[in-house]
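# Structural features, examined
Here is what each chain is made of, one letter per residue.
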Amino acid sequence: MPTIDPNRVLADLTRLRAFGAYKTGVHRPTFSDEDIAARAWFANRMREAGLDARIDGIGNILGTTSAPGRKVLSGSHLESQNHAGWLDGALGCVFALEAARAIAAERQDVGVDVVVLCDEEGHFGSFLGSRSFTGQLTEEQIDRARDRTTGVSMRDALTKAGYAGRPRMQVEPRRYAGFFEAHIEQGDTLESRGLRIGVVTAIVAIWQYKITVTGEQNHAGTTSMARRRDAGLALIRLLNAVDRRFPEVAGPRSVWTTGRITLDPGGPSVVPGRAEALFQFRDADPQVLERMHETLLALVAEANSERCPIEIRRTGASTPAVMNEDMLEALEAAAERHAPGAHMRMPSGAGHDTQYFAPLMPAAMMFVPSIGGISHHWSENTRDDDIVLGAQVFADAIARVLQG
Ligand SMILES: [Zn+2]
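Conventions adopted
Residues numbered from 1 in each chain as written. Predicted model: local features only at pLDDT ≥ 70, side-chain atom pairs only at ≥ 80, totals over all residues. Heavy atoms only, no water. Axes fitted to C-alpha atoms, helices over the stretch in contact; angles between N-to-C directions. Helix = DSSP H or I, 4+ residues; strand = E, 2+ residues; numbered from the N terminus. Parallel < 35°, antiparallel > 145°, perpendicular 65-115°, else oblique. Contact = heavy atoms within 4.5 Å. Nonpolar A, V, L, I, M, F, W, Y, C, P; charged D, E, K, R; others polar. Patch = residues over 30% accessible without salt bridge, like charges linked within 9 Å, V, L, I, M, F, W, Y side chains within 5 Å. Areas by Shrake-Rupley, 256 points an atom, 1.4 Å probe, with all protein chains shown as cover. Salt bridge = Lys/Arg side-chain N within 4 Å of Asp/Glu carboxyl O. Phe/Tyr/Trp six-rings, centres within 6.5 Å; stacked < 30°, edge-to-face > 60°. Buried < 20%, exposed > 50% of the residue type's maximum accessible area, 1.4 Å probe, protein only. Lys NZ or Arg CZ within 6 Å of the ring centre and 35° of its normal. Lys, Arg positive; Asp, Glu negative; His and termini not counted. Polar contact = N/O pair within 3.5 Å; in protein donor to acceptor, adjacent residues only side chain to side chain.

### Focus: the packing of helix H1 (residues 6-18) against helix H2 (residues 33-48)
Look at H1 against H2: their axes get within 11 Å of each other, and the N-to-C directions meet at 155°. Taken together, H1 and H2 sit at an angle that is classed as roughly antiparallel. On H2, the residues touching Arg8, Asp12, Arg15 and Leu16 of H1 are Ala38, Trp41, Phe42 and Arg45. When the residues that make up the contact of H1 with H2 are grouped by side-chain class, the tally is four nonpolar, no polar and four charged.

Listed below in structure tokens is the structure:
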């Protein structure tokens, strides 16, 4: 079994925290000066570990081992959300690197390649690094990508970073026995149960909808209640009905959210003539997703009236990414060895780079607890002993898969 170096893990994470330090977290958006410096530092750290490391034309970093035998690919992302936490992404990169180091110290025949996927946090788009690495991103899509905060084009940002013109690397799935990602949980499931390791079973799918209600814009004082056609009221009634009905068809971990409601024209003295909602739900079970979808359509049909016709359009429907059972068992066995009884299986409610690898090769994810369940905020944190335990369990699980 590989033995990790707790001080090296904590020191690497602390060093990364200095790139774009903000309060106790980091502000390290994709291709900011701090992000570019962090990438250069991490690539060097890979080289010091004996990996052949390169940064490609979209900022992905791949460090390859020279081990001739079985190999695992592992990694996460280095950039952060704006003014956010120090562990989201960085933890998975350092755990992957530490697994590579600890395993290399033990044996030379098998090894770990480490990958850093660019822009998981979506400053320029949706999973552009993972999509590039898995061959699902065109040059035209890069041409169109812009930083959602600054408006800077991805092309200009790549030029400034010095990555422009480099070839974009692509994963060779046949090279690997599987893909592993470690991540902070970003919720409070582990902490609230006093557990220390989460073994991720699946990454949930997100189904998104745009709901549009058409009413009649009119004077709020002179239009009687009997004759008005209030699109806003019709929409709120529908969303209320969804909230009452969904618990009957949803799974225990299903979540649903209305992220935006717009009333048109949106004046205090005008009956809304049009109302629009952006709605989504998430679950890891395709049957549950289908049931929620059918229920939503049925509720829309019930609410649809001549007075206020309602239209619904599905704008996105991803598939849940199911993790590989053998790799889950490797994680569970490693967790049981180092933290007996203190682990559980759970789905991931957030999206992760792993979802792009799961269709190509066996994939698995491991969570460590987030203090207070907080993430995407500078106060995000995990106890040092949970970080150290997580790094050990992670390296052990990868070693088990390398064993074959
Ligand atoms: Zn993340």
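### Comments concerning a nonpolar patch on the surface
Together, Ile236, Ile261 and Leu263 line one region of the surface with nonpolar side chains, adding up to about 240 Å² of accessible area. Note on placement: Ile261 falls in strand E11 (residues 255-264).

### Some words on the packing of aromatic side chains
Taken as a whole and assessed by the stated rule, the structure comprises 15 aromatic pairs. Arranged with centres 6.4 Å apart and planes meeting at 65°, the rings of Phe279 and Phe281 form a pair that is edge-to-face. A single burial state applies to Phe279 and to Phe281, both of which are buried. Members of the aromatic cluster, connected to one another through ring pairs, are Trp207, Tyr209, Phe246, Trp256, Phe279 and Phe281. The ring of Trp86 carries the charged tip of Arg17 above its face, separated from the ring centre by 3.7 Å. Above the ring of Trp207, the side-chain terminus of Arg314 is found at 4.7 Å from the ring centroid.

### A few points about the pattern of salt bridges
Taken as a whole and judged by the stated rule, the model has 24 salt bridges. Of the charged contacts in the structure, one is a salt bridge between Arg383 and Asp385, with a shortest N-O distance of 2.6 Å. Because the salt bridges share partners, they merge into one network encompassing Arg8, Asp12, Arg45, Glu48, Glu98 and Arg101.

### Brief notes about the side chain of Glu120
The residue Glu120 is located in the loop between strand E6 (111-116) and helix H4 (128-133) in this model. Lacking a salt bridge, the buried Glu120 has Arg148 as its closest oppositely charged neighbour, with an N-O distance of 8.7 Å. Side chain to side chain, Glu120 and His77 meet in a polar contact 3.2 Å long. If we skip the residues at most four places from it in the chain, Glu120 touches His77, Glu79, Phe127, Gly351, His352 and Asp353.

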